Amino acid sequence: LPSRYEDRTRMVPLGSLRAGDTAVVEGTIELAETVYRGRRSLLVRIGDGSGWLTLRFFHFSAAQAQALKRGLRLRCYGEARAGAATLEMIHPEYRVVADTAAAPTDDTLTPVYPATEGLGQRKLRNLAGQALDLLAGKRVALPDWLPPDTLTGAEYPQLADAVRYLHEPPAEADRERLAAGTHPAQRRLAFEELLAQHLSLRQLRLASDRHRAWPLAGGRPLQQRFLAALPFELTAAQQRVADEIGRDLAAPHPMMRLVQGDVGSGKTVVAALAVLAAVAHGAQAAVMAPTELLAEQHFHNFDRWLAPLGINVTWLSGALTAAARRDALAAVADGDAAVIVGTHALFQAEVEFARLALIVIDEQHRFGVHQRLALREKGERDGRHPHQLIMTATPIPRTLAQTAYADLDTSVIDELPPGRVPVATVAMAESRRDQVVENLARALAEGRQAYWVCPLIEESDVLQCQAAEDTAARLTEALPEWRIGLLHGRMKTAERDAVMSAFKRGDVHLLVATTVIEVGVDVPNASLMIIENAERLGLAQLHQLRGRVGRGSAESSCVLLYRGPLSKTARARLTAMRETTDGFEIARRDLALRGPGEMLGTRQTGLLQLKIADIVRDEALLPWVQRAAETMISHYPERIAPLIRRWLGDAGRYGRV
Ligand code: ADP
Ligand code: MG
């Protein structure tokens with residue numbers, strides 16, 4: 001579909017043209033001259049009796065200048081801006097018209113397509129036109145697969161009409177709704193796309209229910225030994241979710257389960273219980289984390305927990321030396337490695353699992369259906385598929401989850417471990433930095449540990465690390481009696497590891513870090529966090545970062561350092577952070593503040609890889625989508641496959657049920 005439209009349907013008299021208007025105008029050349037004041041430019045003044053307009057060209061050929069002679073009539077399209085004497089258009093599109101009547105204006109809005117190198121607007125418009133001609137001539141059909149009683153109401157067009165409308169909207173079309181993506185023709189298509197997506201996820205789900213998996217019952221004794229060694233009891237919520245997972249795992253078809261739990265709710269031990277079910281069965285479990293740092297931490301945790309039970313935990317990262325990597329791969333392939341922890345490197349082609357029965361995917365907020373599918377296929381062996389457990393701290397509203405994760409069952413850990421004290425949060429202007437450093441010194445003197453976070457200031461990893469280095473240097477000077485560590489994404493794994501373990505041991509008192517520590521990092525003794533440039537971060541990210549403190553029973557605090565003046569949204573975000581520590585509440589406010597499209601990054605990162613719909617903007621359609629899906633399944637099953645094929649292509653795996 002076009003990404004936007006231009007209105008070339010009406011000719012605007014020069015006298016009523018305003019600065020900022022983009023319009024079609026026509027006039028007779030009254031003056032054409034090449035001037036050399038400042039930049040060499042060609043100025044062409046046209047008039048139509050009601051007013052004048054100057055066309056200004058900085059790039060032009062001699063032939064072009066020659067051709068623009070006094071008395072010629074020009075039709076131009078461009079944006080008018082205020083000029084020295086008259087309004088101006090810079091580099092407008094223009095053509096000579098012999099006589100106005102013979103050159104009518106367009107009768108539809110002009111579509112502007114997302115073009116690409118070598119495939120420009122003219123070509124795209126031409127191709128779209130040819131396709132519409134085929135449709136009009138009934139040479140191709142675009143059958144409507146929606147159940148008859150869906151999207152009733154005269155405003156919703158039939159599919160073919162919607163498509164034609166969006167490629168050639170009439171002059172009077174509501175351009176505001178078109179620009180917002182909420183025109184009924186767009187909603188008609190968005191609805192159909194969401195329906196196709198939803199049905200395809202349901203198909204996938206049916207397919208996994210028919211796949212076979214190792215039933216992993218009988219892990220109890222091992223799990224009991226693990227739990228007995230933990231310094232705490234599971235919360236009721238952890239226990240309930242662990243039971244839900246346990247029931248899934250005991251079934252002979254693959255579990256597909258999403259666990260949502262706020263930061264610090266204790267998802268890792270729940271994952272460990274699932275891992276033990278696989279190990280008890282003599283099978284392998286893979287644990288995947290989004291960052292090296294979090295994967296390392298998981299490796300250390302799992303190794304610490306499971307090695308005493310005689311379980312081999314193996315670390316597999318992209319950063320291993322060639323020899324270490326070879327050893328790790330061999331252990332994974334022959335089954336010596338029972339639990340394998342790593343980043344995406346886990347699922348590269350050369351990694352062969354001996355008997356993979358469970359995949360745990362931690363903190364992948366945007367782990368879309370395509371990745372889930374790829375994993376499922378990767379893990380298949382001897383006709384068995386691995387169970388999948390996906391864990392996330394980013395809560396999503398129910399209807400969205402039911403659409404984006406229609407192939408998953410959901411569990412929620414809705415309780416924090418006992419004794420947690422909400423993190424006291426304050427916002428402070430950058431100008432009070434000295435006071436913040438003083439408070440920090442006092443906290444360190446009390447034996448507390450702290451994070452100082454230097455988030456993204458420029459869209460550059462190098463600059464971000466630089467900022468962290470500078471801050472660490474300044475703080476080292478200001479706090480000479482304390483040991484200060486530095487952690488950023490450009491350090492070698494071994495260096496990072498050394499700093500992280502020193503911080504865990506308490507040998508490093510203050511850790512200056514970039515946002516590499518955003519997800520998952522768990523050092524319970526750290527109870528103070530200072531976040532610089534907090535005004536630039538989104539709510540979800542601030543919440544994740546703050547989740548690094550308040551993980552023990554000590555009272556924790558978080559200082560949001562900001563540089564004013566604050567925008568309205570930034571102020572609302574900082575207020576939300578001060579007022580609540582509840583991840584679900586934060587998610588709600590985040591949705592309200594960020595609005596359509598941004599929250600899940602559905603467009604950009606493809607949680608669902610939608611072409612037209614936006615599950616946030618089109619949220620109101622979602623309950624209808626689910627109802628239409630039920631109708632399709634019970635009354636029009638034969639329409640499901642062609643509908644899915646239309647929107648998701650022939651990617652055989654969607655059809656293979
Ligand atoms: P998240 O859900 O954010 O991944 P973690 O699994 O990292 O949380 O757990 C956060 C901290 O809480 C860890 O230090 C963990 O050992 C601890 N923890 C987990 N469950 C409990 C519990 N039931 N009681 C007390 N502490 C717990
Ligand atoms: Mg975690």
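This one's a predicted model, so the numbers in the text were calculated from it and none came from an experiment.

Draft legend 1. Inspection of the overall build of the chain at higher detail. When helices and strands are tallied, the chain shows 22 helices and 21 strands. Over its C-alpha atoms, taken along the principal directions, the chain stretches across nearly 95 × 70 × 50 Å. Scored against the burial criterion, the 657 residues of the chain give a buried share of 51%. Within the chain, contacts between residues separated by at least 24 positions form 75% of all contacts whose residues are at least 6 apart in sequence. A distance of 3 Å separates the average location of the 79 positive side-chain charges in the chain from that of its 78 negative side-chain charges.

Draft legend 2. Region of the structure containing the packing of helix 6 (residues 220-229) against helix 8 (residues 267-280). Following both chains from N to C, one finds helix 6 and helix 8 inclined at 145°, their axes separated by 9 Å at the closest point. Every pair of crossing elements has a handedness; the one defined by helix 6 and helix 8 is right-handed. Contact residues: helix 6 offers L222, Q223, F226 and L227, while helix 8 offers V269, A272, L273, L276, A277, V279 and A280.

Draft legend 3. Focus on the site of ligand 1. Lining the immediate environment of ligand 1, one finds 17 residues, of which G264, T268, R420, D522 and R551 sit closest. Separating an oxygen atom of ligand 1 from a backbone N or O atom of G264 is a distance of 2.6 Å. R420 places a side-chain nitrogen or oxygen 2.7 Å from an oxygen atom of ligand 1. Surface burial for ligand 1 is 87%, taken as the share of its 570 Å² of free accessible area covered by protein chains. Structurally, ligand 1 is housed in the largest pocket. Grouping the constituent residues of the shell around ligand 1 by class yields 5 nonpolar, 6 polar and 6 charged.

Draft legend 4. Representation of the environment of D209 within the structure. Counting through the fold element by element, D209 comes out in helix 5 (residues 184-210). Assessed through its relative accessible area of 31%, D209 is described here as partly exposed. Taking the C-alpha atoms as reference points, D209 and L487, 278 residues apart in sequence, are found 44 Å from one another.

Draft legend 5. Focus on the layout of surface pockets. Computed from the structure, the largest pocket encloses a volume of approximately 960 Å³. For the largest pocket, the lining is made up of 40 residues, of which F232, V269, W305, D522 and P524 are closest to its centre. Ranked by the residues each element gives to the lining of the largest pocket, the list is headed by helix 9 (residues 292-306), at 7 residues. Across the lining of the largest pocket, the residue classes tally to 15 nonpolar, 14 polar and 11 charged.

Draft legend 6. Layout of the nonpolar core. Among the nonpolar cores identified, the biggest contains 64 residues, and L189, F191, L195, L199, F347 and F353 are the most heavily contacted of them. A total of 8 residues in this core trace back to one element, the largest contributor, which is helix 5. Those residues in contact with L189, other than ones at most four positions away along the chain, are L1, L159, A162, V163, L166, I612 and W647. Grouped together as the second largest cluster of nonpolar side chains are 48 residues, L234, A237, V275 and A277 included.

Draft legend 7. Looking closely at the packing of aromatic side chains. In the structure shown here, the tally under the stated rule is 6 aromatic pairs. Relative to Y94, the ring of F57 has its centre 5.6 Å away and its plane inclined at 70°; by these criteria the two rings are edge-to-face. Residue F57 is located in strand 4 (residues 52-57), and its partner Y94 is located in strand 7 (residues 93-96); the two are separated by 37 residues in the primary sequence. Y94 gets classed as partly exposed once you look at its relative accessible area, which sits at 28%. Put simply, the rings of F226, F302 and W305 touch in pairs and so form one group of aromatic residues. Sitting over the face of the ring of W214, R355 holds its NZ or CZ atom 4.2 Å from the ring centroid.

Draft legend 8. Seen up close, the pattern of salt bridges. Enumeration over the complete set of coordinates arrives at 34 salt bridges. D7 is paired through a salt bridge with R10; the nearest N and O atoms lie 2.6 Å apart. With a closest N to O distance of 3.1 Å, E630 and R202 form a salt bridge. Taken together, the residues span a long stretch of sequence, with E630 in helix 20 (residues 622-635) and R202 in helix 5 at a distance of 428 residues. Residue class for E630 comes out partly exposed when judged on its relative accessible area of 40%. Through salt bridges with shared partners, a single ionic network connects R4, E6, R8 and E93.

Draft legend 9. Fine view of helix 10 (residues 322-334). Helix length check: helix 10 (13 residues) gives 18 Å between terminal C-alpha atoms against 18 Å at 1.5 Å per residue, within 8%. Among the residues making up helix 10, those that are buried are R325, A328, L329, A331 and V332. Down the axis of helix 10, the smallest arc covering the buried residues is 160°, so these residues share one side. The outward face of helix 10, more than 90 degrees from its buried face, is lined by the exposed residues A322, R326, D327 and D334. Buried residues along helix 10 sit in contact with strand 10 (284-288), strand 11 (313-316) and strand 12 (339-342). Directly beyond the C-terminal end of helix 10, a positive phi value near 90° is found at G335.

Draft legend 10. Region of the structure containing the sheet that holds strand 21 (residues 557-562). The 6 strands lie next to each other as 16-21-20-17-19-18, forming an open sheet whose pairing is parallel. Looking at which strands have only one partner, the edges of the open sheet turn out to be strand 16 (424-429) and strand 18 (484-487). On average, each strand axis in the sheet is inclined to that of its neighbour by 20°, with strand direction left out of account. Here strand 20 (residues 526-531) pairs with strand 21 via 4 bridges, running parallel. Bridging from a neighbouring strand, M529 pairs with C558 of strand 21. Packed onto the sheet, helix 13 (residues 433-445) meets strand 16, strand 17 (449-453), strand 19 (510-513), strand 20 and strand 21 and runs at close to 155° relative to strand 17.

Draft legend 11. Examining helix 9 more closely. With 15 residues, helix 9 should reach 21 Å at 1.5 Å per residue; the first-to-last C-alpha distance of 20 Å fits that figure. Residues of helix 9 that are buried: E292, L293, L294, A295, E296, Q297, H298, F299, N301, F302, W305 and L306.

Draft legend 12. Local environment of the sheet that holds strand 11. The strand order across the open sheet built from 7 strands is 11-12-10-13-14-9-15, with neighbouring strands paired in parallel fashion. Each edge of the sheet is formed by a strand with only one pairing partner; in this case those strands are strand 11 and strand 15 (409-413). Ignoring which end each strand starts from, the neighbouring axes of this sheet average 20° apart. Inspection of the sheet shows strand 9 (residues 256-261) paired to strand 14 (residues 387-392) by 5 bridges, in the parallel sense. What sits directly across from V259, in strand 14, is M391. Running at roughly 165° to strand 11, helix 9 makes contact with strand 10, strand 11, strand 12 and strand 13 (356-362) of the sheet.

How each quantity is defined
Residues numbered from 1 in each chain as written. Chains lettered and ligands numbered in written order. Predicted model: local features only at pLDDT ≥ 70, side-chain atom pairs only at ≥ 80, totals over all residues. Heavy atoms only, no water. Helix = DSSP H or I, 4+ residues; strand = E, 2+ residues; numbered from the N terminus. Buried < 20%, exposed > 50% of the residue type's maximum accessible area, 1.4 Å probe, protein only. Contact = heavy atoms within 4.5 Å. Lys, Arg positive; Asp, Glu negative; His and termini not counted. Charge placed at Lys NZ, Arg CZ, Asp CG, Glu CD. Axes fitted to C-alpha atoms, helices over the stretch in contact; angles between N-to-C directions. Left-handed = near helix turned anticlockwise from the far one by under 90°. Near = heavy atom within 4 Å. Polar contact = N/O pair within 3.5 Å; in protein donor to acceptor, adjacent residues only side chain to side chain. Areas by Shrake-Rupley, 256 points an atom, 1.4 Å probe, with all protein chains shown as cover. 1 Å grid on protein atoms, 1.4 Å probe; cavity = no way out; pocket = protein on both sides within 12 Å on 5 of 7 lines; lining within 4 Å. Sits in = over half its atoms within 2 Å of the grid points. Nonpolar A, V, L, I, M, F, W, Y, C, P; charged D, E, K, R; others polar. Points joined across faces, edges and corners; volume = space filled by probe spheres on them. Core = buried A, V, L, I, M, F, W, Y, C linked by side-chain atoms within 4.5 Å. Phe/Tyr/Trp six-rings, centres within 6.5 Å; stacked < 30°, edge-to-face > 60°. Lys NZ or Arg CZ within 6 Å of the ring centre and 35° of its normal. Salt bridge = Lys/Arg side-chain N within 4 Å of Asp/Glu carboxyl O. Expected span 1.5 Å × (residues − 1). Arc of directions from axis to C-beta. Pairing = 2+ DSSP bridges.

No statement about biological role is implied by the geometric values presented.
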